[in-house]
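# Descriptive analysis of the structure
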Amino acid sequence: MKMNLLLKLASGLSVLILLTACGSSYESKGDAAFNSAKSTSDANTKRLLEKTAYIMYHNAILAHPEKISPRLRERFIETTLIRANLVISEGTAGMDALPLYMTDIDKYLTPDAPENLKTMYANFLLTLADSTVAREKMDDALQLIDKALHLSANSAAATKRESLIGSFVKNKFDEASAIFAEAVKNKNDVRGLLSAEYLVQLVLKYKADYPGAADLLSKARVLNAGTYSAYKMVVDGKPDPVVDKYDIMMAVPTKSDKGGTVTLKVSMFNYSYNPLRMRAKNFFLVDDAGKKYQALESSKIDPEILDTEHETTALVLHFPKPSGKIASLLYENEEHKSQKFFY
């Protein structure tokens with residue numbers, strides 16, 4: 001067994017030595033390796049020949065970048081795709097070589113390239129999208145699919161896009177629902193409720209009308225009113241920036257309504273890079289119609305300056321009673337903004 005493997009490797013190396021020794025140019029050496037790879041049945045030899053062809057075509061392009069024929073361009077792209085597909089099949093979308101291969105393909109793939117070459121690249125992008133979504137990078141996967149659609153208008157890319165989104169949102173919604181139910185069962189477990197709130201917002205990001213998602217988010221927000229929506233605490237890695245868009249956290253543990261005034265006791269944590277100047281005029285209640293009601297000057301703001309990575313639990317905010325249902329508390333101060341939703 002070992003002897004057969006050694007003989008195959010030796011045979012493959014012998015072929016490579018002969019190929020790289022003959023010919024007057026890098027391109028001719030690439031052609032020799034490329035054609036031999038097409039005809040060989042031995043997997044190891046084929047791989048070595050394909051790698052040699054890729055290297056030789058690349059060298060040919062680098063040697064005379066101003067004289068790249070359409071044929072050389074196409075052969076280089078094809079062998080680059082072979083290398084890229086090999087990396088995907090044996091590794092993951094996170095392999096360092098893939099962006100380099102894609103940069104070269106994007107550089108040399110011209111609009112007048114043969115359709116079969118564009119289709120090859122589109123198929124590679126779809127395979128890469130599968131690997132990418134498996135790493136929880138849905139936005140990146142969709143960009144790859146959209147790129148494949150632009151290259152080759154085939155139904156496979158459109159179907160895959162719809163399928164990936166459908167599968168992703170279903171899995172996230174099912175996960176959010178299970179976590180929410182368990183959190184409620186465990187006396188409104190804070191981490192569970194926060195996870196559910198985050199996950200269902202991911203669902204709504206990709207499918208705004210997903211059945212039951214808006215209702216689940218509302219239920220989670222009601223129970224999370226007194227908790228910071230600090231998703232970093234419950235997400236492995238970096239939270240989605242569309243969902244985790246505020247670096248100022250607010251929580252409203254108590255809310256009272258007397259006469260024509262609504263009073264909120266508010267905790268606030270400053271995760272931003274700048275100290276915050278806090279004044280009553282920076283806080284608003286927002287009703288279900290989107291109308292804003294500014295905090296009254298009688299509100300208690302302590303401290304007036306909230307430094308970075310500091311918290312205050314001593315905000316008592318008074319507002320005129322909104323005409324509609326109270327939807328959220330809003331903080332706005334020039335470029336700084338945060339919003340805490342109540343349902």
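Residues numbered from 1 in each chain as written. Predicted model: local features only at pLDDT ≥ 70, side-chain atom pairs only at ≥ 80, totals over all residues. Heavy atoms only, no water.

All right, on to the environment of L62 then. Of note, L62 is situated in helix α3 (residues 43–63). Sequence separation between L62 and Y293 is 231 residues; the distance between their C-alpha atoms is 65 Å. (Helix = DSSP H or I, 4+ residues; strand = E, 2+ residues; numbered from the N terminus.)

What follows covers the packing of aromatic side chains. This model, assessed by the stated rule, comprises 11 aromatic pairs. The interplanar angle of 85° and the centroid separation of 5.7 Å between the aromatic rings of F76 and Y108 together place this pair among those described as edge-to-face. With F76 in helix α4 (residues 70–90) and Y108 in helix α5 (residues 97–108), the pair connects residues that are 32 residues apart, well separated along the chain. For F76, a relative accessible area of 1% puts it in the buried group. Residue class for Y108 comes out buried when judged on its relative accessible area of 8%. A ring pair is formed by F173 and Y210, whose centres lie 5.2 Å apart and whose planes are at 55°; its orientation type is tilted. Remark: Y210 occurs in the loop between α9 (190–206) and α10 (213–223) and F173 occurs in helix α8 (residues 155–185); sequence separation between them is 37 residues. When sorted by exposure, F173 lands in the same class as Y210, which is buried. Among the aromatic residues, ring-to-ring pairing joins Y54, F76, Y101 and Y108 into one connected group. Seen from the ring of F342, K255 lies directly overhead, with NZ or CZ sitting 4.6 Å from the centre. Across the ring face of Y343, the terminal group of K325 is positioned such that the distance to the ring centre comes to 4.1 Å. (Phe/Tyr/Trp six-rings, centres within 6.5 Å; stacked < 30°, edge-to-face > 60°. Buried < 20%, exposed > 50% of the residue type's maximum accessible area, 1.4 Å probe, protein only. Lys NZ or Arg CZ within 6 Å of the ring centre and 35° of its normal.)

Taking 1.5 Å per residue, 12 residues should reach 16 Å; α5 reaches 17 Å between its end C-alpha atoms and fits that length. Taken residue by residue, α5 has L98, Y101, M102, D104, I105 and Y108 as its buried positions. End-on view of α5: buried residues confined to an arc of 160°, all on one side of the axis. Every exposed residue of α5 that faces more than 90 degrees away from the buried side is listed here: L100, T103 and K107. Tucked inside the fold, the buried residues of α5 contact α3, α4, α6 (115–133) and α7 (138–151). (Expected span 1.5 Å × (residues − 1). Arc of directions from axis to C-beta. Contact = heavy atoms within 4.5 Å.)

Don't take any of this as a statement about function, it's just geometry.
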